[in-house]
Amino acid sequence: MSKLKALLFDVDGTLANTEANGHRVAFNKAFSEAGLDWEWGIPLYGQLLAVTGGKERIKYYVNDFLDDFTIDQDLTDFAAQLHQRKTHFYLQMLQQGDIPLRPGVERLIREARESGLRMGIATTTTPANVTYLLSSTLGEESLEWFEVIAAGDIVPAKKPAPDIFEYAMREMAITPDETLAFEDSANGFKSSTGAGLKTLVTVNSYTQDDDFPGASIVLDKMGDADDPFTVLSGNANSYTYVTVDMLRDLFARS
Ligand code: XBP
Ligand code: MG
């Protein structure tokens, strides 16, 4: 029976609920600064999340949601410039402490570190967004707790492609039979399972109706002793919030 040795965490939606009140707001600030009359409301943004990657999401919006938008430059360059400003506004929000970690995430990360489990990050978001989120919530030293921060354009294909999880495993020299992934969305789940990883899912308002066939377990959150999770799919045995012991038990039997 394989033994759990490493954890690979997604970021957006998993470590923190960053989308509706974080990334989306930063996109709208960048649009306003550029003089565009674009406003991504919460429902529209949920549709746009079908495409991972902020630059790709902007191009998806222009190509699939706008009828008569024209610019006198290459759309890829335009999207990249706009995305740089969006990232500027998003980093400001992180620095201001506007985006907290989800319930139980800090406790689990600290517990995993103390128990000797190796940890990495596998995310589509921009690398700086990860380092700023970790620093602003766990402190600068937390950047050392993750052996790799696999993020953004480091791989040719973003989620749902498995590339980012495969990259993180290569960098850490770990294999799927000793590693558990944490995800929140259908795109992320396709990526982690496509890389052969057992996956624990914690959904959020945007992903609660997504399908996670074969997930080790689907929860509403990691939870805490005084804030138990709800099991949406799978079996938590007697555990009521995610602990390292629960992860070992889940990994061994999933
Ligand atoms: C979620 C994404 C990212 C963010 C926005 O990443 O798809 O694109 O929505 O970040 P994950 P950027 O769930 O894999 O963490 O604008 O920097 O792409
Ligand atoms: Mg995610």
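Residues numbered from 1 in each chain as written. Chains lettered and ligands numbered in written order. Predicted model: local features only at pLDDT ≥ 70, side-chain atom pairs only at ≥ 80, totals over all residues. Heavy atoms only, no water.

(A) Examining helix H7 (residues 163-172) more closely. In terms of burial, H7 is a largely internal element, seven of the ten residues being buried. The secondary structure elements touched by the buried residues of H7 are strand E1 (6-9), strand E2 (118-123), strand E3 (149-151), strand E4 (179-183) and helix H8 (186-194). Following H7 by one or two positions, Ala173 has its phi on the positive side, about 55°. (Buried < 20%, exposed > 50% of the residue type's maximum accessible area, 1.4 Å probe, protein only. Helix = DSSP H or I, 4+ residues; strand = E, 2+ residues; numbered from the N terminus. Contact = heavy atoms within 4.5 Å.)

(B) Region of interest: the packing of aromatic side chains. According to the stated counting rule, one finds 16 aromatic pairs in the structure shown. Centre to centre, the rings of Phe31 and Trp38 are 5.1 Å apart; their planes meet at 70°, and the pair counts as edge-to-face. A single burial state applies to Phe31 and to Trp38, both of which are buried. Between Phe189 and Phe212, the aromatic rings sit 5.5 Å apart at their centres with planes inclined by 90°, giving edge-to-face as the arrangement. Here Phe189, found in helix H8, pairs with Phe212, found in the loop between strand E5 (198-202) and strand E6 (217-219); they are 23 residues apart in sequence, far enough to count as distant. (Phe/Tyr/Trp six-rings, centres within 6.5 Å; stacked < 30°, edge-to-face > 60°.)

(C) Representation of the environment of Ser142 within the structure. Mapped onto the elements of the fold, Ser142 is located in the loop between helix H6 (127-138) and E3. On the accessibility criterion, Ser142 (0% relative accessible area) is buried. Taking the C-alpha atoms as reference points, Ser142 and Lys5, 137 residues apart in sequence, are found 19 Å from one another. Apart from residues lying up to four places away in sequence, Ser142 is in contact with Leu134 and Ser135. Engagement of the side chain of Ser142 in a polar contact is seen with the backbone oxygen of Gly139, the distance being 2.7 Å. (Polar contact = N/O pair within 3.5 Å; in protein donor to acceptor, adjacent residues only side chain to side chain.)

(D) Molecular detail of the packing of helix H4 (residues 75-95) against H6. In contact at an axis separation of 9 Å, H4 and H6 are set at 10° when each is read in the N-to-C sense. With respect to H6, the element H4 is oriented roughly parallel. On the side of H4, the interface is formed by Lys86, Thr87, Tyr90, Leu91, Leu94 and Gln95, while H6 contributes Ala128, Asn129, Tyr132, Leu133 and Ser136. (Axes fitted to C-alpha atoms, helices over the stretch in contact; angles between N-to-C directions. Parallel < 35°, antiparallel > 145°, perpendicular 65-115°, else oblique.)

(E) Structural context of the nonpolar core. Grouped together as the largest cluster of nonpolar side chains are 60 residues, with contacts concentrated most on Leu7, Leu15 and Trp38. A per-element tally of this core places H4 first, with nine residues. By size, the runner-up hydrophobic cluster in this structure holds 16 residues, among which are Ala6, Tyr167, Met172 and Ala181. (Core = buried A, V, L, I, M, F, W, Y, C linked by side-chain atoms within 4.5 Å.)

(F) Highlighting the site of ligand 1. As a structural note, the neighbourhood of ligand 1 is formed by 19 residues, with Glu19, Gly54, His83, Thr123 and Thr126 the closest of them. At 2.8 Å from an oxygen atom of ligand 1 is found a side-chain nitrogen or oxygen belonging to Asp10. Glu19 is positioned with one of its side-chain polar atoms (N or O) 2.6 Å from an oxygen atom of ligand 1. Relative to its unbound accessible area of 450 Å², ligand 1 is 96% covered by the protein chains. Residue assignment for the shell around ligand 1 shows that the elements contributing at least two residues are helix H1 (19-33), helix H3 (54-65) and H4. Here the shell around ligand 1 gets three residues from one element, more than from any other, and that element is H1. (Near = heavy atom within 4 Å. Areas by Shrake-Rupley, 256 points an atom, 1.4 Å probe, with all protein chains shown as cover.)

(G) Summary view of the coordination of the magnesium ion (ligand 2). Distances from the magnesium ion (ligand 2) to its protein donors, Asp10 (OD), Asp12 (O) and Asp184 (OD), fall within 2.1 to 2.3 Å. Mapping the donors of the magnesium ion (ligand 2) onto the primary sequence yields the spacing D-x1-D-x171-D. One end of the pair, Asp10, is in the loop between E1 and H1; the other, Asp184, is in the loop between E4 and H8, and 174 residues separate them in sequence. For the pair Asp10 and Asp184, a shared accessibility class is recorded, and that class is buried. (Donors = N, O, S within 2.8 Å, 3.2 Å for Na, K, Ca; no water.)

(H) Region of interest: the domain arrangement of the protein. Considered domain by domain, the protein is made up of domain 1 (6-17 + 100-253) and domain 2 (19-95). Using only C-alpha atoms to locate each centre, domain 1 and domain 2 end up separated by 26 Å. Contacts between domain 1 and domain 2 engage 15 residues on the former and 20 residues on the latter. Of the roughly 1,400 Å² buried between domain 1 and domain 2, counting both surfaces, carbon and sulfur atoms make up 56%. Counting the contacts that link domain 1 with domain 2 gives two salt bridges. Note that Glu56 is salt-bridged to Lys158, the shortest N-O span being 2.8 Å. The interface formed by domain 1 and domain 2 contains six residue pairs in polar contact (both at pLDDT 80 or more). Per-element tally for the side of domain 1 that touches domain 2: the top contributor is H6, with five residues. (Domains from an automatic or database assignment. Buried area = accessible area lost by both parts, 1.4 Å probe. Salt bridge = Lys/Arg side-chain N within 4 Å of Asp/Glu carboxyl O.)

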